Amino acid sequence: MSSSISGIGLAGFGTVGSGLWQILQEHGGMISDRSQGSAALEIRRIAVRDLAKKREIEAPAELFTSDLMELVNDPAVDIVVELIGGTEAAFDLVAAALRAGKPVVTGNKALLAERGAELFALSKQEQTAIHFEAAVAGGIPIIKAVQESLIANRIETIAGIINGTSNYILQRMTEAGLAYSEALKEAKDLGYAEADETLDVNGWDAAHKTILLASLAHGFLVNYKEVYVRGIEKVTPLDIKFASDLGYVVKLLSLVIERDDGKIEIRTQPSFLSKTHILASVHGVFNAVALKGDHLGDSLFYGRGAGQGPTASSVVSDLVEAARSDRSDRGFLPYRESGSLVEINDTVTSYYVRFSVTDQPGVIANIATILAEHQIGISGTHSPVDANNPDADFLEMVFLLHKCSFGRLKIALTEVEKLDCLTARPVVFRIETL
Ligand code: NAP
Ligand code: HSE
């Protein structure tokens, strides 16, 4: 370090970056005191894309630059904080900082999940740490929990609600009856969504976080191309209502399950969860990670998963650690060469399947026959009739199905889709019992 004060080069002054500035203005003294003076933090350079942009939170103009590499080259900068997002410019910045021997703090889960193999290898080679508490579950200290506090445990299960935007949207659709687009706009206005919200709603933001958690828990870098991901874009108010009728809520759930054969099941998708399950009460921008360790048993980590204050709070905790510690092994050092993931067709759950059909004699029997031919049992049905139009020509017919492999279900549904009575493709949700 260049002095007893740690100089910070901050890349990004958006939601999180400006939140970091604000916290250090407000609590810099307290943070230094609480760290016994070992973490006196001072932002000495700020890189943004647009120098002319009007900003709600202000910092001295002379700190700003539009050249990211100034953070790396400035000798007054000891630690580089990457809060610009994306996987291109952010990669170049993080790699350059590591090569310059400057520890990096980042909240960029996409970068680490997709390009972590290169960056963590570089971190090891350069003996320079990458800290990423803010990359998963916003303000919840889940990275340090998995890496440190739970090091005594084999992590058997992780079940998370780890995208605040999706969780917020689903709740607003469920409780306020908002249309998907209205709920998304609210989440963007509140600073929860990514600059490009595609990753929030297509499931990939949660999947990136899941990949990081799975990698930490199981010791090998999970290849993002091998994980199964579905988002919430196609969740309809009708399925949310039917879920509620049947005693469930719809949640974007991320799962990491170690099976008895040692294979790891990793998937992110909107799923049905009993209203009585503890994760069903995680609302709005809140995230939760339910984790089962072989010695610890069940535990639950809960808090705000997105937004300015919570995320910047995690960034500060990493900064303090970076400032205090000469340890270079922060980040992720794989301790297993590789591991096997469960193929999605081999994963087994119960299901909700909604068939849109023309209401003609034999419809239910025809569908049930095909399911039976594939050894798929029906545990219940749901088909509310519109009291104002009991003789409607069309019907929404829900089947709740007993556990079977996803592959078998897909084959059966391919046959069902050939029936004349179907007016749309079947809608499938997994029912998670966890
Ligand atoms: P944001 O509000 O969109 O801010 C991005 C900032 O980066 C802006 O200041 C932008 O400059 C700057 N920037 C973008 N590209 C740049 C480039 N090539 N060169 C220089 N500056 C550049 O994003 P955010 O919500 O703060 O998120 C930042 C990171 O934190 C992302 O990786 C995100 O995934 C992660 N994260 C966010 C949250 C959250 O709740 N928002 C939570 C956890 C993690 P201008 O201001 O000039 O446009
Ligand atoms: N867009 C992310 C979310 C931010 O909504 O959860 C936190 O990583």
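The following paragraphs examine the structure supplied in this document. (Residues numbered from 1 in each chain as written. Chains lettered and ligands numbered in written order. Predicted model: local features only at pLDDT ≥ 70, side-chain atom pairs only at ≥ 80, totals over all residues. Heavy atoms only, no water.)

1. Brief notes about the site of ligand 1
Part 1 of the argument: Near ligand 1 there are 26 residues, and of these Asp50, Lys53, Arg55, Glu194 and Gly307 occur at the shortest range.
Part 2 of the argument: Interatomic distance of 2.5 Å between a side-chain N/O atom of Glu194 and an oxygen atom of ligand 1.
Part 3 of the argument: For ligand 1, the accessible surface in isolation is 910 Å², of which the surrounding protein chains cover 89%.
Part 4 of the argument: Of the residues in the shell around ligand 1, the class split is 11 nonpolar, nine polar and six charged.
Part 5 of the argument: When residues are assigned to domains, the shell around ligand 1 turns out to be shared by domain 1 (5–138) and domain 2 (142–304), each giving three or more. (Near = heavy atom within 4 Å. Polar contact = N/O pair within 3.5 Å; in protein donor to acceptor, adjacent residues only side chain to side chain. Areas by Shrake-Rupley, 256 points an atom, 1.4 Å probe, with all protein chains shown as cover. Nonpolar A, V, L, I, M, F, W, Y, C, P; charged D, E, K, R; others polar. Domains from an automatic or database assignment.)

2. Overview of the pairing of strand β1 (residues 5–11)
Part 1 of the argument: Across the seven residues that make up β1, a large majority, six, are buried.
Part 2 of the argument: In this structure, β1 lies alongside strand β2 (residues 40–47), joined through seven bridges in parallel fashion. Each bridged residue has a counterpart across the sheet, and for Ile5 the counterpart in β2 is Ala40. (Buried < 20%, exposed > 50% of the residue type's maximum accessible area, 1.4 Å probe, protein only. Helix = DSSP H or I, 4+ residues; strand = E, 2+ residues; numbered from the N terminus. Pairing = 2+ DSSP bridges.)

3. Considerations on the site of ligand 2
Part 1 of the argument: Lining the immediate surroundings of ligand 2 are Lys109, Asn163, Gly164, Thr165, Tyr192, Ala193, Glu194, Asp200, Asp205, Lys209, Gly305 and Ala306.
Part 2 of the argument: Asn163 is positioned such that a nitrogen or oxygen atom in its side chain is 3.5 Å from an oxygen atom of ligand 2.
Part 3 of the argument: At 2.8 Å from an oxygen atom of ligand 2 is found a side-chain nitrogen or oxygen belonging to Lys209.
Part 4 of the argument: Summarising the interface, the protein chains cover 95% of the accessible area of ligand 2, which totals 260 Å² for the free molecule.

4. Digging into the layout of surface pockets
Part 1 of the argument: Estimated volume of the second largest pocket: approximately 790 Å³.
Part 2 of the argument: Lining of the second largest pocket is provided by 21 residues; of these, Tyr228, Arg230, Pro426, Val427 and Val428 occupy positions nearest its centre.
Part 3 of the argument: Of all the elements in the fold, those that place two or more residues in the lining of the second largest pocket are β10 (264–274), α13 (406–416) and β16 (427–432).
Part 4 of the argument: Here the lining of the second largest pocket takes five residues from α13, the largest share from any one element.
Part 5 of the argument: For the lining of the second largest pocket, the class distribution of residues is 10 nonpolar, four polar and seven charged. (1 Å grid on protein atoms, 1.4 Å probe; cavity = no way out; pocket = protein on both sides within 12 Å on 5 of 7 lines; lining within 4 Å. Points joined across faces, edges and corners; volume = space filled by probe spheres on them.)

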